[in-house]
Amino acid sequence: MSKRSPLASPPARLLLPALLVLVLGGCQTMSLEDVTGALGGRPDSAAKAEAKPDMDALRERYRARPSDPSIAIEYGKALRDTGQRAQAVAVLEQAVLAHPSNKALLAGYGRALADGGNFQQAFDVLSRAHTPEDPDWHILSAQGAALDQLGRNEEAQQYYAAALKIVPDEPQVLSNLGLSYMLQNNLPRAEETLRRAHERSPASSRVRANLALVLGLEGKLAEAETIVKGDLPPAEAAAKVTALRQLLAKKQQQRADK
């Protein structure tokens, strides 16, 4: 198969089901956002709680001016942040239909599609959110994550490489690249890449979780548990360790079943 340019949208085709990465601390599968955080991470629980009282006001602003792109973006983000994924897709889809060239809208719509597991459509929409003349590393990384979810790891790695040319050693991109290697079962290279990400962003819980996952898969459980604990309070650290052990047990069972 010939290589494609990282800014060329590949044609739709039938693909094998993707191997979905699991979130540490929960049983749900990771969305594009969880894998990358590439276009802005989800807020923590406190931020979510603060956002909820604003939903009524945002909804009224959107109803009053549904054709305003900035309001649609803000409302769509609030819907995503409060778990209303289908509503976010609907709002942003309507806005994109009215403003098909608005790159910020396309980026938000692509994120919302990925949240719902529509990775091919998300990739295609994100491809329209920037251009070869003016590439956005956040979107390149997000596109790579979408391709990883589609099982197209080698193509995904081309997008991460393109992003790293713009922002060398960016931890978000390195973290995504490390997960891509993990999905290929190239654990040594995944560990090396995620250690680089961790060195550059030791406070990132997402990077710590990804590195701990790979270390655990390699059998380095003691180090994995130390990393995933970080500087968390004892109760939260214990919960993270329990989640890590459950995740590793599940992955080992998946491997045994193959």
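Presented here is a report on the structure given in the accompanying data block. Starting afresh in each chain, residues are numbered from 1 along the sequence in its written order. The predicted origin of the model limits local features to residues at a pLDDT of at least 70 and limits the giving and counting of side-chain atom pairs to 80 or more, whereas totals for whole chains, interfaces and linings rest on all residues. Side-chain metrics in this entry use all non-hydrogen atoms of the structure; hydrogen atoms and water are not considered.

Let's talk about unusual backbone geometry
Now for step 1: With phi around 65°, Asp169 is a residue other than glycine that occupies positive phi space.
Now for step 2: A helix here means a DSSP run of H or I that spans at least four residues, while a strand means a run of E at least two residues long, and both kinds are numbered starting from the N terminus. The residue Asp169 is located in the loop between helix H9 (153–166) and helix H10 (171–183) in this model.
Now for step 3: Assessed through its relative accessible area of 30%, Asp169 is described here as partly exposed.
Now for step 4: Here Asn185, not a glycine, exhibits a phi torsion of approximately 65°, which is positive. Accessibility here uses a 1.4 Å probe with only protein chains present; expressed as a share of the type maximum, an area under 20% marks a residue as buried, one over 50% as exposed, and anything in between as partly exposed.

Here's the deal with the pattern of salt bridges
Now for step 1: The salt bridge definition used is simple: a Lys or Arg side-chain nitrogen within 4 Å of an Asp or Glu carboxyl oxygen. With the rule as written, the count across this model stands at 15 salt bridges.
Now for step 2: For Arg195, the salt bridge is made with Glu191, and the minimal N-O distance between the two is 2.8 Å. Of this pair, Arg195 and Glu191 both sit in helix H11 (residues 187–200), 4 residues apart, which is roughly one turn of the helix.
Now for step 3: With relative accessibility at 28%, the residue Arg195 sits in the partly exposed group.
Now for step 4: Of the charged contacts, one joins Glu218 and Lys220 as a salt bridge, the two residues approaching to 3.9 Å between their closest N and O atoms.
Now for step 5: Given the relative accessible area of 25%, Glu218 is considered partly exposed.

Let's talk about the nonpolar core
Now for step 1: What makes a nonpolar core is a set of buried Ala, Val, Leu, Ile, Met, Phe, Trp, Tyr and Cys residues whose side-chain atoms join them at distances within 4.5 Å. Core analysis: the largest hydrophobic core is formed by 38 residues, its most contacted members being Tyr160, Val173, Met182, Leu213, Val214, Leu217 and Leu244.
Now for step 2: At the level of secondary structure, the elements contributing two or more residues to this core comprise helix H8 (137–149), H9, H10, H11, helix H12 (205–217), helix H13 (221–229) and helix H14 (234–257).
Now for step 3: For this analysis, residues touch if any pair of their heavy atoms sits within 4.5 Å. Once residues lying within four places of it in the same chain are set aside, the contact partners of Tyr160 are Ser141, Gly144, Ala145, Asp148, Val173, Asn176, Leu177 and Ser180.

A look at the packing of aromatic side chains
Now for step 1: The pairing test for Phe, Tyr and Trp rings, Trp by its six-membered ring, is centres within 6.5 Å, and the orientation test on the planes gives stacked under 30 degrees, edge-to-face over 60, and tilted for anything in between. Overall, the coordinates contain 2 aromatic pairs when judged by the stated rule.
Now for step 2: Both rings, one in Tyr62 and one in Tyr75, keep their centres 5.1 Å apart while their planes meet at 35°; by these two values the pair is tilted. In this pair, Tyr62 sits in helix H3 (residues 55–64) while Tyr75 sits in helix H4 (residues 69–81), placing the two residues 13 residues apart along the sequence. Both residues of the pair, Tyr62 and Tyr75, belong to the buried class.
Now for step 3: Centre to centre, the rings of Phe123 and Tyr159 are 5.6 Å apart; their planes meet at 80°, and the pair counts as edge-to-face.

Brief notes about H4
Now for step 1: The end-to-end C-alpha separation of H4 is 18 Å, in line with the 18 Å expected for 13 residues at 1.5 Å each.
Now for step 2: Within H4, the full set of buried residues consists of Pro69, Ile71, Ala72, Tyr75, Gly76, Ala78, Leu79, Arg80 and Asp81.
Now for step 3: In the segment just after H4, Gly83 is the residue with positive phi, at about 80°. By this rule the span expected of a helix is its residue count minus one, scaled by 1.5 Å.

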